[in-house]
Amino acid sequence: MLERIDISEQGQCAWFYDLRFKFPELPPSFRYGVCRQNGHTDWKMTRQRGLFYID
């Protein structure tokens, strides 16, 4: 599910979370997105650190 779209001077990111990991009392722990720097056409997938992030 689309959570939000961030636009900054560096570029844009669209953030999503998986509804299978959404619990009413906790913030989403598995967030991921695609980001693109200004002036570039390539989008790169990235993971946003959540409550239970394990690297």
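Look above for the structure.
In what follows, the accompanying structure is described. What you see is a predicted model; the values in this text were computed from it and never measured.

**Quick word on the overall build of the protein chain**
Thought 1: A count of helices and strands for the protein chain gives zero helices and four strands.
Thought 2: Going from N to C terminus, the protein chain has its helices and strands arranged as β-β-β-β.
Thought 3: For the protein chain, the proportion of its 55 residues judged to be buried stands at 22%.
Thought 4: Expressed as a percentage of contacts within the protein chain between residues at least 6 apart in sequence, the contacts between residues at least 24 apart total 22%.
Thought 5: About 4600 Å² of surface is accessible on the protein chain, with carbon and sulfur atoms providing 57% of the total.

**Observations concerning the sheet that holds strand β1 (residues 2-7)**
Thought 1: Across the sheet, which stays open at both edges, the four strands sit in the order β1-β2-β3-β4 with antiparallel pairing between neighbours. Bordering the open sheet on either side are β1 and β4 (44-48), each of which pairs with just one other strand. Adjacent strand axes in the sheet meet at a mean angle of 25° when their direction is disregarded.
Thought 2: With five bridges connecting them, strand β3 (residues 31-37) and β4 associate as antiparallel partners. Within β4, the position partnered with R31 by the bridge is Q48.

**Regarding the pattern of salt bridges**
Thought 1: Throughout the structure, instances matching the rule amount to two salt bridges.
Thought 2: The partner of R4 in a salt bridge is E3, with the nearest N and O atoms 3.7 Å apart.
Thought 3: Taking the relative accessible area as the measure of exposure, R4 reaches 30% and is therefore partly exposed.
Thought 4: Measuring nitrogen to oxygen at the nearest pair gives 3.0 Å for the salt bridge that ties R4 to D6.
Thought 5: Its relative accessible area of 29% is what places D6 among the partly exposed residues.
Thought 6: In the salt-bridge network here, residues are joined through shared partners; they are E3, R4 and D6.

Scoring rules and cut-offs
Residues numbered from 1 in each chain as written. Predicted model: local features only at pLDDT ≥ 70, side-chain atom pairs only at ≥ 80, totals over all residues. Heavy atoms only, no water. Helix = DSSP H or I, 4+ residues; strand = E, 2+ residues; numbered from the N terminus. Buried < 20%, exposed > 50% of the residue type's maximum accessible area, 1.4 Å probe, protein only. Contact = heavy atoms within 4.5 Å. Areas by Shrake-Rupley, 256 points an atom, 1.4 Å probe, with all protein chains shown as cover. Pairing = 2+ DSSP bridges. Axes fitted to C-alpha atoms, helices over the stretch in contact; angles between N-to-C directions. Salt bridge = Lys/Arg side-chain N within 4 Å of Asp/Glu carboxyl O.

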